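Given next are the chains, with one letter for each unit.
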Amino acid sequence: MTHVAATLTWPRVQSLAESGAVALLPVGSTEAHGPHLPLNVDVVIAEEVCRRVATRLAARHLDTVIFPAVPYGLTDFAASFAGTVSLSADTTRGLLSGVLEGIAAHGFKRIAVINHHLEPAHFAVVHEAAKLAREKTRAVIVVPDHRKKPHGPRLGDEFTKGGSHAGFYETSLMLAAAPQLVDDSARRVLPELAVDLPAKIKAGARNFHECGGTSAYFGAPAAATADDGHRLLDILAEISEAALMEAST
Ligand SMILES: [Zn+2]
């Protein structure tokens, strides 16, 4: 069964931890996502993936406890857009490892960090934080990484080509997870902006402007659909479920 940590009493959390429940920690960012999506896209996606992972684990008779999301991270690429809040790598690492150690301290033996802010420097820090927390606790801490092979191609062309910021991929996920948060009239008129973000970053770009994204989106938001979003969310949940199961054996 799926449990939402923030709504539970401490004795209930204690008994769930003792009975082997899996803890899920959604991680996102507070970051500009084009003129058609809100700042909390990565949090919304991470939380929805957690709910779907929890449903899949319930079918395996595993309880899950979804912890409150971490809504801030390292978000340098969008830092010049209003509303974006970027923490340093050190602060992000300390925040995440502290949260993970806190969860593990009360007996959760399996924890998955479900991160959906894909800025390379941020994702690297998520992996580092999990490593630090692993060294200090006895918990199995999994960081499913859907950018890695063989997952990327399953998430579509735009994702593989590195243009997946507020484009077809993320906008579809949002149309499925929280359609009320998508400004549909703004989205429908956005021209496609095909940019390989990882290639630009490797070539030295330091922000979205230098990558050619002056409205903080890339890819093809106008082509997004809710059906694609549901399909992608299920793939993301399956990737995380598989990572957890693999780490548990
Ligand atoms: Zn995002």
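See the structure shown above.
This text gives an overview of the structure that appears in the document.

Conventions and cut-offs
- Residues numbered from 1 in each chain as written.
- Predicted model: local features only at pLDDT ≥ 70, side-chain atom pairs only at ≥ 80, totals over all residues.
- Heavy atoms only, no water.
- Axes fitted to C-alpha atoms, helices over the stretch in contact; angles between N-to-C directions.
- Helix = DSSP H or I, 4+ residues; strand = E, 2+ residues; numbered from the N terminus.
- Parallel < 35°, antiparallel > 145°, perpendicular 65-115°, else oblique.
- Contact = heavy atoms within 4.5 Å.
- Core = buried A, V, L, I, M, F, W, Y, C linked by side-chain atoms within 4.5 Å.
- Buried < 20%, exposed > 50% of the residue type's maximum accessible area, 1.4 Å probe, protein only.
- Pairing = 2+ DSSP bridges.
- Donors = N, O, S within 2.8 Å, 3.2 Å for Na, K, Ca; no water.
- Phe/Tyr/Trp six-rings, centres within 6.5 Å; stacked < 30°, edge-to-face > 60°.

1. Concerning the packing of helix α6 (residues 168-177) against helix α9 (residues 226-248)
Piece 1. It is the contact of α6 with α9, at a shortest axis distance of 7 Å, that shows an interaxial angle of 95 degrees. As the angle between them shows, α6 and α9 are arranged roughly perpendicular. Note on element contacts: α9 touches α6 through Ala226, Asp228, Gly229, His230, Leu232, Leu233 and Leu236, opposite Phe168, Tyr169, Ser172, Leu173, Leu175, Ala176 and Ala177.

2. Considering the nonpolar core
Piece 1. Core analysis: the largest hydrophobic core is formed by 66 residues, its most contacted members being Leu24, Phe108 and Ile111.
Piece 2. Not counting residues up to four positions away in its chain, the partners in contact with Phe108 are Val13, Ala17, Ala21, Ala23, Val65, Phe67, Ile103 and Ala139.
Piece 3. If you look at the next biggest cluster of nonpolar residues, it comprises 11 residues, including Phe81, Val195, Cys211 and Phe218.

3. Examining the sheet that holds strand β5 (residues 140-142)
Piece 1. If you trace the five strands from one edge of the open sheet to the other, you get β1-β3-β2-β4-β5, paired in parallel fashion. In this open sheet, the two edge strands, each paired with only one partner strand, are β1 (2-4) and β5. Direction aside, the axes of adjacent strands within the sheet are offset by 25 degrees on average.
Piece 2. Here strand β4 (residues 110-115) pairs with β5 via three bridges, running parallel. Within β5, the position partnered with Ala112 by the bridge is Val142.

4. A few points about the coordination of the zinc ion
Piece 1. Looking at the zinc ion, one finds its protein donor set to be His33 (NE2), Asp42 (OD) and Glu170 (OE), positioned 1.9 to 2.1 Å from the metal centre.
Piece 2. All donors to the zinc ion come from one chain, and their sequence spacing reads H-x8-D-x127-E. Taken together, the residues His33 in the loop between β2 (22-27) and α2 (41-58) and Glu170 in helix α6 connect sequence positions 137 residues apart. Taken as a pair, His33 and Glu170 share a single burial class, namely buried.

5. Side note on the side chain of His116
Piece 1. Relative to the elements of secondary structure, His116 occurs in the loop between β4 and α4 (120-136).
Piece 2. His116 sits in the buried class, given a relative accessible area of 5%.
Piece 3. Those residues in contact with His116 that lie beyond four places of it in its chain are Val27, Asp42, Ile45, Ala46, Val49, His146, Tyr169, Glu170 and Leu236.

6. Thoughts on the packing of aromatic side chains
For any two aromatic rings, the description comes down to two numbers: the centre-to-centre distance and the angle of the planes.
Piece 1. What the rule picks out here adds up to four aromatic pairs.
Piece 2. A ring pair is formed by Phe67 and Phe108, whose centres lie 5.6 Å apart and whose planes are at 90 degrees; its orientation type is edge-to-face. Within this pair, whereas Phe67 is found in the loop between β3 (64-66) and α3 (89-105), its partner Phe108 is found in the loop between α3 and β4, the two being separated by 41 residues in sequence.
Piece 3. A relative accessible area of 2% places Phe108 in the buried class.
Piece 4. Between Phe208 and Phe218, the aromatic rings sit 5.2 Å apart at their centres with planes inclined by 65 degrees, giving edge-to-face as the arrangement. With Phe208 in the loop between α8 (197-202) and α9 and Phe218 in the loop between α8 and α9, the pair connects residues that are 10 residues apart, well separated along the chain.
Piece 5. Look at Phe208 and you get buried, because its relative accessible area is 5%.
Piece 6. Note on Phe218: relative accessible area 0%, which makes it buried.
Piece 7. Taken together, Phe77, Phe208 and Phe218 form an aromatic cluster joined through their ring pairs.

7. Side note on the pairing of β2
Remember that side chains alternate between the two faces of the sheet whenever the strand is regular.
Piece 1. Within β2, six of the six residues are buried, which leaves the element mostly enclosed by the surrounding structure.
Piece 2. Here β2 shows two buried faces, one formed by Val22, Leu24 and Pro26 and the other by Ala23, Leu25 and Val27.
Piece 3. Examined bridge by bridge, β2 and β3 share three bridges and lie parallel to one another. Residue pairing across strands places Ala23 opposite Val65, the latter belonging to β3.

8. Considerations on unusual backbone geometry
Piece 1. Between Lys149 and Pro150 the backbone carries a cis peptide bond, its omega angle lying at 0 degrees.
Piece 2. In this structure, Pro150 sits in the loop between β5 and α5 (157-160).

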